[in-house]
Amino acid sequence: GGEQQPPGAEGGEAAAAAGGREDQPQPQPQPQQQQQEQEQQQQQQQRRQGFKNIPTGFNNPVQGVNGNRAVGVLGNNMAMNNNVGAGSGTVNFSAEELKEMLIMQQQRLNQQQQVHQFNQQPQIDHQMKPVLNRQPGTVQRQVNDSTAPHYLVSFPTITNPPSHGIPQEGDSEDLRSAASAKRRPGVNAGLPEANDLSLPIAKHIALLDPSNNDGNALRSCFELSTNDVLNLPHIPSDDEYCGRLCGIGYMCAPNTLPAYDRSALQAARFSELALGALTNQQAPLALELSTAIVVCLRNCARKKPVHNSCLFEVARAYLLLGIFRSFRGDFTRYFKYRRVCLTYTTQMKDVPNVESILASVSFHDAWAYMMFNANEGLLPEIDIPRLANDSSNSSDESTDLFKAKYGCSTLPVDIAIDPTNKMWMQGSPPVFLNNEAGTVARALDGFACAVRSCCDQANTQFVEMSKSMSADTPRGSEGGGEMQIPSGAPDCSGRTPTTTAVMANENELCSRNLVLSAKALLETHSTVSGTKMKRHGLTMIGNSMSAFLVDGRDDSSASNSANEEGFTQAQIKHLLEACETVIEHPLLLHSPGPIYHMVCNAAILLCHLINGLHMSLSSNDSPNKAEAGLFDEVLDTYMSARKVISLHRKTLPVKLRCHGLPRPRIGINTDFHPSDNCRSSKPMIDLGEIPMCLCRGCQGFVLMGCSPCVAAERAMKASQNRSAEEGKVEEAEEESDGWDDLNLNDDVLLGLLEKIVQS
């Protein structure tokens, strides 16, 4: 009890400080433990704060690295370290966890550097402005171009700092994919304007990336369907377009493109993707992409181009958007967008490949010409005025002689402003007659003129049938089977400008010679250009038109049974090749123009051929082996083509559908009539009750061999049945999602264009 403590002992000092009570318990361990726990809690709080400050672009700040694993591992380690002991104060992490934490910290540092660079960018631009202004023809850099921080500028509240294109917390998957595509090296997807219209573009802007697989798939569908026929030139990339601008004195980089040029390029690219999505049976995606086209074109309509280098892309976008709307049966908007497209062609001076745009318009106009039976009285009213030619075109003597002979000019500006071409291309084919135009464009325009000429001939035959019946037929809905005189000529004589031009130059512009010349041009193109890619769509058009225009009486080499039915060996060959092309390449049915109707009519002619061969083989006890082999070949081709065409027909609006193809009665020796020399009493393929197309030119293929009275009756019945069928599916088509929004955007764009054109 009398032992003396060593000097400086902490126990005695603590006891003296406590009031000298030596029997009080020692409080030494408790303050030390509390201090260690506080230090440990501070370390844990710092670690948590470090994790929270790292942006990952996901709703959960830590989930972007390794799901929820980082939070769980950190929490488990902290709980474990609490039980290690009071004197530990350290946290043990595995090598993998430390690696993840270092990666997250590096991301945080990168973001801070990018934010710092973005904040310093206005000062750099201000310093570089005098230097840029001293360079002639230089496009100044705009901060709101592709260097803008993020795509969420249209949201009402923005709480995060600028991220320079880095996805933020709460961003959707589409916006994050768009931002990632924007940051890829060598890719400038561009940034839309800072308003609520930017979302349709930002949602699918990643598809414009050349390395995007989904976008490449849609572009492939477009190339194999629409562009296989139209042969429009390649849309330049941002780097290629900047190089083109540098060649004419405008120095800029892909990230400093003017807003008009960027919107024009995006509109052209989205138009290809929209038609590709429609071809690939992705209607909802096609609607969203078409909305993006409209938004881009609205951005172009609000500005003025610095130069005319991008006017071709704007005209292309309007044309493809009009084709897209016509595929859904909206001819009113097609004619409006078509007129805007031709308006832009009047502003293109010395721009190459303008003839390809005009030839594409002419070929798709031929389909509208068929569907309205060349009757301008059935066309919708277009409230967009047609521009007159403001430029003074110098005309020489040769140009005047050409116009006096053919009634048209080969200059693109004159073609666009010609009153004859106000609603659709008519008269002589100007691109076909232009020797300086591309061979594919000339062939396409020649095919279009041949289709219009055949349609005029069919209308004339129906008018003659109506006169022979001496019956007045009331005027009905558009494209019906009514016997009306086409109102394409000012003198109301029923002679259209195409018929007038063909009759004035019959040796050059008759349908058969046009098809032969167009096929020769295609062969020349493949030989001269040395291209290995075959234009299957154009080849199929040539084979179909050759089969339609062959006169069976001119070919004595045909077999007897086929010649009795009016088919020659050359005609059978062309029919089989046309149907086999579509069987091998079914995407061609989604091509513009009357290709789908051509294939249907070729299949109908195969039906007539099968019926003739069937009757010939059924009446003979010993059938001819050659005829039997031909019968099998034709029947197999028809069955395959029928399946492909029927599947495509179901996807079309009712008023755009061509003939329904009936199923054949399989077998040869069936349904004989004893009083008819053992010939079959029924045809193998009954064409008497099939739903017919509303185009008179197509109805003539079904009504081959019918009397005028029967043909007129069936044409009227087809019109009535089609009207009833349209009424049944009208409600279903109106309930389709997305069309109301697209129509609203189209109306706003067309209203804006109307004001611009009028001013």
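Predicted model only: the values in this text are computed from it and were never measured.

Quick notes on the overall build of the protein
Along the protein, the regular secondary structure elements total 30 helices and zero strands. Pairs at least 24 apart in sequence give 75% of the contacts found in the protein among residues at least 6 apart. As displayed, the protein has an accessible area near 36,800 Å², and 50% of this comes from carbon and sulfur atoms.

Observations concerning the packing of aromatic side chains
Here the structure, examined in full by the defined rule, presents 13 aromatic pairs. Each ring, one from tyrosine 369 and one from tryptophan 424, has its centre 5.1 Å from the other, and the planes form 70 degrees; the classification is edge-to-face. Of the two residues, tyrosine 369 is situated in helix H15 (residues 354-371) and tryptophan 424 in the loop between helix H17 (412-417) and helix H18 (430-433); the sequence distance between them amounts to 55 residues. Taken together, the ring pairs in this structure connect Phe327, Phe331, Tyr334, Phe335, Trp367, Tyr369, Phe372 and Trp424 into an aromatic cluster.

Side note on the side chain of serine 271
Residue position: serine 271 is located in helix H11 (residues 259-279). For serine 271, the contacting residues outside a window of four places in its chain are Ile293, Ala317 and Leu320.

Remarks on a negative patch on the surface
Judged by side-chain charge, Glu580, Glu584, Asp632, Glu633 and Asp636 come together as a negatively charged surface patch. Elements with a minimum of two residues in the negative patch: helix H25 (569-584) and helix H27 (625-650). Here glutamate 633 lies in helix H27.

Points about the environment of serine 362
On the secondary structure map, serine 362 appears in helix H15. Serine 362 gets classed as buried once you look at its relative accessible area, which sits at 2%. Separated by 79 residues in the primary sequence, serine 362 and alanine 441 place their C-alpha atoms 10.0 Å from one another. For serine 362, the residues in contact, after removing those within four places along its chain, are Met425, Asp445, Ala448 and Arg452.

Points about the side chain of aspartate 365
Its place among the elements puts aspartate 365 in helix H15. On the accessibility criterion, aspartate 365 (0% relative accessible area) is buried. Not counting residues up to four positions away in its chain, the partners in contact with aspartate 365 are Tyr334, Arg338, Trp424 and Met425.

Section: the packing of H25 against H27
Helix packing for two helices is described by the angle between their axes and how far apart those axes are. Contact geometry of H25 with H27 gives a least axis separation of 9 Å together with a crossing angle of 35 degrees. Like other packed secondary-structure pairs, H25 and H27 cross with a definite hand, here left-handed. Side by side, H25 and H27 meet where Ile572, Leu576, Cys579, Glu580, Val582 and Ile583 of the first sit next to Leu630, Glu633, Val634, Thr637, Ser640, Ala641 and Val644 of the second.

Notes on the pattern of salt bridges
Note that side chains of opposite charge can pair when their charged atoms are close. For the coordinates displayed, the defined rule picks out nine salt bridges. For glutamate 272, the salt bridge identified is with arginine 316, shortest N-O distance 3.9 Å. Of the two residues, glutamate 272 sits in helix H11 while arginine 316 sits in helix H13 (residues 311-327), which places them 44 residues apart along the sequence. In this structure glutamate 272 comes out as buried when scored by relative accessible area, which is 8%. Arginine 316 gets classed as buried once you look at its relative accessible area, which sits at 1%. Residue arginine 338 pairs with aspartate 365 through a salt bridge whose shortest N-O separation is 2.8 Å. Taken together, the residues arginine 338 in helix H14 (residues 331-345) and aspartate 365 in helix H15 connect sequence positions 27 residues apart. One network of salt bridges, with partners in common, ties together Glu272, Glu313 and Arg316.

So, helix H10 (residues 238-247)
Looking at H10, one finds that the buried residues are Asp238, Tyr241, Cys242 and Leu245. Buried residues along H10 cover an arc of 100 degrees about the axis, so they all sit on one side. As for H10, its buried residues are in contact with H11.

Things to note about the environment of serine 356
Checked against the element boundaries, serine 356 lands in helix H15. C-alpha of serine 356 to C-alpha of threonine 439: the two residues are 83 residues apart in sequence and 9.8 Å apart in space. If sequence neighbours within four positions are ignored, serine 356 has contacts with Leu232, Pro233, Phe312 and Ala441. A distance of 2.5 Å separates a polar atom in the side chain of serine 356 from the backbone oxygen of asparagine 353.

Side note on the confidence of the model for the protein
On average, residues of the protein carry a pLDDT of 74, and 64% of them reach 70 or more. Long-range and interchain partners of residues 51-89, a stretch whose pLDDT sits below 50, account for 58 contacts in this model, where long-range means more than four residues apart. Considering only residues more than four positions removed or in separate chains, one finds that residues 131-197, a stretch of pLDDT under 50, has 128 contacts.

Comments concerning unusual backbone geometry
With phi around 65 degrees, asparagine 353 is a residue other than glycine that occupies positive phi space. Note on placement: asparagine 353 falls in the loop between H14 and H15. What makes asparagine 353 partly exposed here is its relative accessible area of 41%. Despite not being glycine, asparagine 373 shows a phi value in the positive range, around 55 degrees.

What to know about the packing of H11 against H13
For the pair H11 and H13, interaxial distance at closest approach is 8 Å and the crossing angle is 30 degrees. The angle between H11 and H13 falls in the class roughly parallel. Considering only the axes of H11 and H13, their crossing is left-handed. When H11 is examined against H13, the residues Tyr260, Ala264, Leu265, Ala267, Ala268, Ser271, Glu272, Ala274, Leu275 and Leu278 are found in contact with a partner set consisting of Leu311, Glu313, Val314, Arg316, Ala317, Leu320, Ile323, Phe324 and Phe327. The residue inventory of the contact of H11 with H13, partitioned by class, reads 15 nonpolar, one polar and three charged.

So, the state of the cysteines
One pass over the full model with this rule turns up zero disulfides. With no disulfide of its own, cysteine 449 lies closest to cysteine 408 among cysteine sulfurs, the gap being 9.4 Å. Here cysteine 693 stays unpaired: no disulfide links it, and the sulfur of cysteine 658, its closest cysteine neighbor, is 4.1 Å away.

Regarding helix H12 (residues 283-301)
Look at H12: 27 Å from first C-alpha to last across 19 residues, which is about the 27 Å you get at 1.5 Å a residue. Summarising burial for H12: 16 of the 19 residues are buried, a large majority.

Some words on the environment of aspartate 365
Sequence separation of aspartate 365 and isoleucine 323 is 42 residues, and the distance between their C-alpha atoms is 10.0 Å. Polar side-chain contacts of aspartate 365 include one of 3.2 Å to the backbone nitrogen of methionine 425.

Reading guide: rules and limits
Residues numbered from 1 in each chain as written. Predicted model: local features only at pLDDT ≥ 70, side-chain atom pairs only at ≥ 80, totals over all residues. Heavy atoms only, no water. Helix = DSSP H or I, 4+ residues; strand = E, 2+ residues; numbered from the N terminus. Contact = heavy atoms within 4.5 Å. Areas by Shrake-Rupley, 256 points an atom, 1.4 Å probe, with all protein chains shown as cover. Phe/Tyr/Trp six-rings, centres within 6.5 Å; stacked < 30°, edge-to-face > 60°. Patch = residues over 30% accessible without salt bridge, like charges linked within 9 Å, V, L, I, M, F, W, Y side chains within 5 Å. Salt bridge = Lys/Arg side-chain N within 4 Å of Asp/Glu carboxyl O. Lys, Arg positive; Asp, Glu negative; His and termini not counted. Charge placed at Lys NZ, Arg CZ, Asp CG, Glu CD. Buried < 20%, exposed > 50% of the residue type's maximum accessible area, 1.4 Å probe, protein only. Axes fitted to C-alpha atoms, helices over the stretch in contact; angles between N-to-C directions. Left-handed = near helix turned anticlockwise from the far one by under 90°. Arc of directions from axis to C-beta. Polar contact = N/O pair within 3.5 Å; in protein donor to acceptor, adjacent residues only side chain to side chain. pLDDT = per-residue confidence, 0-100. Parallel < 35°, antiparallel > 145°, perpendicular 65-115°, else oblique. Nonpolar A, V, L, I, M, F, W, Y, C, P; charged D, E, K, R; others polar. Disulfide = S-S within 2.5 Å. Expected span 1.5 Å × (residues − 1).

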